[in-house]
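# Working through the structure, step by step
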Amino acid sequence: YMGFLYIHRAFAPWSDQDEISQYGYRTKLIANGFTFNDKIAPGWSMFAESMFSYFYFIAETTIVPKLFKVLGLFFVAQLLYFLVVHLTKKRTLGLASSLLLLVTPEFSYIASSLKTDNVLMIFEATSLLCLIYLYYERNNIETKPFKILSIITVIYSVIAFSIRLSGTYSLLLVSTTLLFVL
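To keep things clear, this report deals only with the structure shown in the data block. Note that the structure is a prediction, hence the values are computed from the model and not measured. (Residues numbered from 1 in each chain as written. Predicted model: local features only at pLDDT ≥ 70, side-chain atom pairs only at ≥ 80, totals over all residues. Heavy atoms only, no water.)

### So, the overall build of the protein chain
Regarding its fold elements, the protein chain presents 9 helices and 0 strands. What you see in the protein chain, going N to C, is helices and strands ordered as α-α-α-α-α-α-α-α-α. Looking at the protein chain residue by residue over its 182 residues, the buried ones come to 39%. Of the roughly 10,700 Å² that the protein chain leaves accessible, carbon and sulfur atoms contribute 67%. (Helix = DSSP H or I, 4+ residues; strand = E, 2+ residues; numbered from the N terminus. Buried < 20%, exposed > 50% of the residue type's maximum accessible area, 1.4 Å probe, protein only. Areas by Shrake-Rupley, 256 points an atom, 1.4 Å probe, with all protein chains shown as cover.)

Here it is, written out as structure tokens:
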């Protein structure tokens, strides 16, 4: 049911002032050929907007970028499910954790908007969930694959940092934890 609600909201017209005047507008400008040198928003990184401007360019509508953002949320919910099932060996706890993530009222709004918060959440959550997995499985994974997975986890945190400055916290947490584990 929650999946249909998110997909329905992706097809809904824009309803938030930030989405209309900032994030959606910037996505359209980047899709139409504007660059960072055009000073669309001086001093702000527009990495998330430029990630989804390609899909706007292809479809000439904001529905496709919104659907990809909803798919990203479903990916995080599925990753949370697999991690909880792996750690607890109980499917009901994994299902409950994924459903609690999807039922969160904030996500029903942000997941299908063009705001950068949901893209930040996808990369932060992926890096933190991978960090938890690596921490608990550090003795069961060989050294070379562990280092490769650690680098991938840090890359997710760096992408989160490049989306918004608040991604600094996840980058610091992931980096310092992996530094001590390695």
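### Focus on the packing of helix H8 (residues 143-163) against helix H9 (residues 168-181)
Between two packed helices, the angle of one axis relative to the other and the distance separating the axes together describe the packing. Two elements in contact, H8 and H9, have axes whose closest approach is 8 Å; the angle formed by their N-to-C orientations is 165°. Our classification of the angle between H8 and H9 gives roughly antiparallel. The crossing of H8 and H9 is left-handed. Here H8 contributes Phe146, Ser150, Thr153, Val154, Ser157, Val158, Ala160 and Phe161 to the contact with H9, which in turn contributes Thr168, Ser170, Leu171, Val174, Ser175, Leu178 and Val181. For the contact of H8 with H9, the class distribution of residues is 9 nonpolar, 6 polar and no charged. (Axes fitted to C-alpha atoms, helices over the stretch in contact; angles between N-to-C directions. Parallel < 35°, antiparallel > 145°, perpendicular 65-115°, else oblique. Left-handed = near helix turned anticlockwise from the far one by under 90°. Contact = heavy atoms within 4.5 Å. Nonpolar A, V, L, I, M, F, W, Y, C, P; charged D, E, K, R; others polar.)

### Observations concerning the nonpolar core
One finds Tyr6, Leu73, Val76, Leu101, Leu102, Phe107 and Met121 to be the most contacted residues of the largest nonpolar core, which totals 18 residues. Those elements that place two or more of their residues in this core are helix H1 (2-11), helix H4 (63-88), helix H5 (91-103) and helix H7 (117-136). With sequence-adjacent residues up to four places away left out, Tyr6 is seen in contact with Val70, Leu73, Phe74, Leu102, Thr104, Phe107, Ser108, Ala111 and Ser112. Judged by nonpolar contacts, the second largest core, of 7 residues, contains Ala48, Leu120, Ala160 and Ile163. (Core = buried A, V, L, I, M, F, W, Y, C linked by side-chain atoms within 4.5 Å.)

### Here's the deal with the pattern of salt bridges
Within this structure, the stated rule accounts for 1 salt bridge. For Arg164, the salt bridge goes to Asp117, with nearest N and O atoms at 2.1 Å. Within this pair, whereas Arg164 is found in the loop between H8 and H9, its partner Asp117 is found in helix H7, the two being separated by 47 residues in sequence. Judged by relative accessible area, which is 31%, Arg164 ranks as partly exposed. (Salt bridge = Lys/Arg side-chain N within 4 Å of Asp/Glu carboxyl O.)

### Quick word on the environment of Ile63
Along the chain, the position of Ile63 falls in helix H4. Setting aside residues no more than four positions away along its own chain, Ile63 makes contact with Ala10 and Phe11.

### Points about the side chain of Glu137
Inspection of the secondary structure puts Glu137 in the loop between H7 and H8. The side chain of Glu137 is buried and forms no salt bridge, while Lys89, the nearest opposite charge, is found at 6.2 Å. (Lys, Arg positive; Asp, Glu negative; His and termini not counted.)

### What about the side chain of Ser53?
Tracing the backbone shows Ser53 in helix H3 (residues 47-59). If sequence neighbours within four positions are ignored, Ser53 has contacts with Thr27, Ile30 and Ala31.

### What to know about the packing of aromatic side chains
Geometrically, a pair of aromatic rings is defined through the distance of the ring centres and the angle of the planes. The tally for this structure, following the rule as stated, stands at 3 aromatic pairs. Each ring, one from Tyr135 and one from Tyr136, has its centre 5.7 Å from the other, and the planes form 85°; the classification is edge-to-face. Taking the relative accessible area as the measure of exposure, Tyr136 reaches 53% and is therefore exposed. (Phe/Tyr/Trp six-rings, centres within 6.5 Å; stacked < 30°, edge-to-face > 60°.)

### So, the packing of H7 against H9
Where H7 contacts H9, the two axes come as close as 10 Å, and the packing angle between them is 15°. Judged by the angle between their axes, H7 and H9 are roughly parallel. Pair H7 / H9 crosses with left-handed handedness. Between H7 and H9, the contacting residues are Glu124, Ser127, Leu128, Leu131, Leu134 and Tyr135 on the first element and Ser170, Leu173, Val174, Thr177, Leu178 and Val181 on the second. Of the residues assigned to the contact of H7 with H9, the class counts are 8 nonpolar, 3 polar and 1 charged.

### A few points about H4
Turn by turn, an α-helix covers 3.6 residues, leaving residues three or four places apart pointing in a common direction. With 26 residues, H4 ought to run about 38 Å at 1.5 Å a step, and its terminal C-alpha atoms sit 37 Å apart, in line with that. The positive-phi residue at the C-terminal boundary of H4 is Lys89, with phi of around 65°. (Expected span 1.5 Å × (residues − 1).)

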